[in-house]
Amino acid sequence: VDRILSNRRSQKKFRKTPHGKEVRKIQARERNRRKILARPFVGVDGEGAGEDSLGRQNYTLLRAGDQELWNGGARLTSEECLGFLADLPPGPIYVGYFFGYDTTQILRDLSPERLERILLTTGQSGGVEWRGFEIVYLRRKHLRVRRAGAKHWVTISDVGSFFQCGFVKALE
């Protein structure tokens, strides 16, 4: 019993030393790294087909892993796309590859004034609200969406700028 108590006392003293603090920081970083690596990566991408009366391509398909938003080839609205993204389950790390086209299509129905506010907002104090959604967009970095008042944000990180090459080349 004395040996156990003595060992506990020496462990307690070690934790209070500067070296002990550094060890705890390293251990915390490693726990955090393992937690992040345990999360799956899920690709998010959309496709366009056909044109509207103004000659703009219609966004007709949005996928996130095995989940799909498709209206039989009809153009997807911004509300449909934002709802789909906001309702994705928490946990995975969502990534898009050069996601700018997709973001443009997803936010297509917003007014120019609302788009300008989104582009000027950093997201540090929340997002820009639109029809029951909060939106944060940092070009070439990420699109964040949540239902207004919800705690959980869905973030789609744009990893294209990290690789700086075509998708197939990045896979090699």
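Residues numbered from 1 in each chain as written. Predicted model: local features only at pLDDT ≥ 70, side-chain atom pairs only at ≥ 80, totals over all residues. Heavy atoms only, no water.

**Quick word on empty space enclosed by the protein**
Next, step 1: The full count for this structure, using the stated rule, is 1 cavity of 30 Å³ or more.
Next, step 2: By volume, the largest cavity is sized at about 30 Å³.
Next, step 3: Lining the largest cavity are Phe99, Gly100, Thr103, Tyr137, Leu138, Arg140, Lys141, His142, Leu143, Ile156 and Asp158.
Next, step 4: Of all the elements in the fold, those that place two or more residues in the lining of the largest cavity are α4 (100–106), β6 (133–138), β7 (142–147) and β8 (154–158).
Next, step 5: Among the residues making up the lining of the largest cavity, the classes are represented as 5 nonpolar, 3 polar and 3 charged. (1 Å grid on protein atoms, 1.4 Å probe; cavity = no way out; pocket = protein on both sides within 12 Å on 5 of 7 lines; lining within 4 Å. Points joined across faces, edges and corners; volume = space filled by probe spheres on them. Helix = DSSP H or I, 4+ residues; strand = E, 2+ residues; numbered from the N terminus. Nonpolar A, V, L, I, M, F, W, Y, C, P; charged D, E, K, R; others polar.)

**What to know about the packing of aromatic side chains**
Next, step 1: Scanning the entire structure with this criterion turns up 5 aromatic pairs.
Next, step 2: Between Tyr59 and Tyr101 the ring centres are 6.0 Å apart and the planes differ by 70°, which places this aromatic pair in the edge-to-face class. Here the residue Tyr59 occupies a position in strand β2 (residues 57–64), and Tyr101 occupies one in helix α4, the gap between them amounting to 42 residues.
Next, step 3: When its relative accessible area of 1% is taken as the criterion, Tyr59 is described as buried.
Next, step 4: Accessibility expressed as a relative area gives 33% for Tyr101, which makes it partly exposed.
Next, step 5: On the numbers, 6.1 Å between centres and 40° between planes, the contact of Tyr97 with Phe163 is tilted. Of the two residues, Tyr97 is situated in the loop between β4 (93–96) and α4 and Phe163 in helix α6 (residues 160–163); the sequence distance between them amounts to 66 residues.
Next, step 6: Judged by its relative accessible area of 37%, Phe163 falls in the partly exposed class.
Next, step 7: Three or more aromatic residues joined by ring pairs make a cluster, and in this case those are Tyr97, Phe98, Phe162, Phe163 and Phe167. (Phe/Tyr/Trp six-rings, centres within 6.5 Å; stacked < 30°, edge-to-face > 60°. Buried < 20%, exposed > 50% of the residue type's maximum accessible area, 1.4 Å probe, protein only.)

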